[in-house]
Amino acid sequence: MTNAVLRYSALILKLKAVMLENIRIILVETSHTGNMGSTARAMKTMGLTNLYLVNPLVLPDSHAIALSAGASDVIGNATIVDSLDEALSGCELVIGTSARSRTLSWPMVEPRECGERCVSAVQNSPVAIVFGRERVGLTNEELQKCHYHLYIPTNPEYGSLNLAMAVQLVSYEIRMAYLALTAQEKQEKADATEHEAEYPPVEDMERFYQHLEQVLSHSGFIRKAHPGQIMNRLRRLYTRARPETQELNILRGILTSMEKWANKSSESGRK
């Protein structure tokens, strides 16, 4: 494996380690500790752990731990700050949730695009998804601190989502975007490795097929009078396998070794 591939692999491992950790879920002035716990549970199921609580009206308690259902570490490690500005410090991308139409038009994203934008931006710096108060959401001033407003396209006749449900939806889309990116990176790594491999030219493959047919004929596996489709099927098999140059050399070596063994056996028989 070349140094370039090793560096690329190390970069992927580092990216995996920090990507989801650098996505902040921010709750502003949450009034129910149960919502904190349910939010932590929703986050952890999708691999998110970085919870910020902005000026919570109540602090996390045993009720929050109970509703976190095993995500008590997310609650326990939550960062509690006095202002939204503190929670957003250092973030390159900020997306605020909004269920109400606003007087001032703002760039809008739905959950899927939100996930894709977050995963793309978090490779450079932390990003934040901001959720407002249970009853009134975010203020216009708070929303203006955001680069995009997130809108969940619920049923227009009944769009009631509680806080944890909204966090779950957004966290799911972030995870899907993350998995898509890592799958793409794995494929690119595999393509890079394949590109570095040395493959034999077609004339070498033809010489291998001739050699293989010769050995199979001498061994009696292929009968000259009725050869059938054996060689055609073997060609198809090795075409699918696409052996590299070194692998082809091994196969040729095996055939040569078999020929030598057959010749020795024949000579021993004549003696």
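Looking at an unreviewed UniProt entry, one finds the protein chain named tRNA (cytidine/uridine-2'-O-)-methyltransferase TrmJ and attributed to Xenorhabdus stockiae. Heading Sequence similarities (unreviewed entry) of the UniProt record for the protein chain holds this comment: "Belongs to the class IV-like SAM-binding methyltransferase superfamily. RNA methyltransferase TrmH family." If you open the UniProt record of the protein chain and go to Subcellular location (unreviewed entry), you find "Cytoplasm".

Colleague: Would you explain the packing of helix 9 (residues 202-219) against helix 10 (residues 230-241) in this entry?
Modeller: For any two helices packed against each other, one specifies the crossing angle of their axes together with the interaxial distance. One way to put it is that helix 9 packs onto helix 10 with a least axis distance of 11 Å and a crossing angle of 135 degrees. Judged by the angle between their axes, helix 9 and helix 10 are oblique. In the packing of helix 9 onto helix 10, the handedness of the crossing is right-handed. For the pair helix 9 and helix 10, the contacting residues are Met205, Glu206, Phe208, Tyr209, Leu212, Glu213 and Leu216 in the first and Met231, Leu234, Arg235, Tyr238 and Thr239 in the second. Per-class residue counts for the contact of helix 9 with helix 10 are 8 nonpolar, 1 polar and 3 charged.

Colleague: Honestly, the pattern of salt bridges in this entry has me stumped. Any pointers?
Modeller: Side chains that differ in charge, positive against negative, can pair when their charged atoms come close. In this structure the tally under the stated criterion is 8 salt bridges. The partner of Lys44 in a salt bridge is Asp73, and the shortest N-O contact between them spans 3.0 Å. With a gap of 29 residues between them, Lys44 in helix 2 (residues 33-45) and Asp73 in helix 4 (residues 72-76) connect regions that are remote in the sequence. Its relative accessible area of 34% is what places Asp73 among the partly exposed residues. Between Glu206 and Arg235 there is a salt bridge, and its shortest N-O distance comes to 2.8 Å. Here Glu206 is found in helix 9, whereas its partner Arg235 is found in helix 10, with 29 residues between them in sequence. For Arg235, a relative accessible area of 29% gives the class partly exposed. A single salt-bridge network, built from bridges that share partners, covers Glu29, Arg133 and Glu142.

Colleague: What am I meant to see in the packing of aromatic side chains here?
Modeller: Aromatic ring pairs are defined here through the distance separating the ring centres and the angle between the ring planes. For the coordinates displayed, the defined rule picks out 2 aromatic pairs. Residues Phe208 and Tyr209 carry aromatic rings whose centres are separated by 5.6 Å and whose planes lie at 50 degrees to one another, so their mutual orientation is tilted. A relative accessible area of 6% places Tyr209 in the buried class. Ring centres of Phe208 and Tyr238 lie 5.0 Å apart, and the angle between their planes is 85 degrees; this geometry places the pair in the edge-to-face category. With Phe208 in helix 9 and Tyr238 in helix 10, this pair connects stretches of sequence that are 30 residues apart.

The rules behind these values
Residues numbered from 1 in each chain as written. Predicted model: local features only at pLDDT ≥ 70, side-chain atom pairs only at ≥ 80, totals over all residues. Heavy atoms only, no water. UniProt positions renumbered as here; feature names shortened; annotations may be inferred. Axes fitted to C-alpha atoms, helices over the stretch in contact; angles between N-to-C directions. Helix = DSSP H or I, 4+ residues; strand = E, 2+ residues; numbered from the N terminus. Parallel < 35°, antiparallel > 145°, perpendicular 65-115°, else oblique. Left-handed = near helix turned anticlockwise from the far one by under 90°. Contact = heavy atoms within 4.5 Å. Nonpolar A, V, L, I, M, F, W, Y, C, P; charged D, E, K, R; others polar. Salt bridge = Lys/Arg side-chain N within 4 Å of Asp/Glu carboxyl O. Buried < 20%, exposed > 50% of the residue type's maximum accessible area, 1.4 Å probe, protein only. Phe/Tyr/Trp six-rings, centres within 6.5 Å; stacked < 30°, edge-to-face > 60°.

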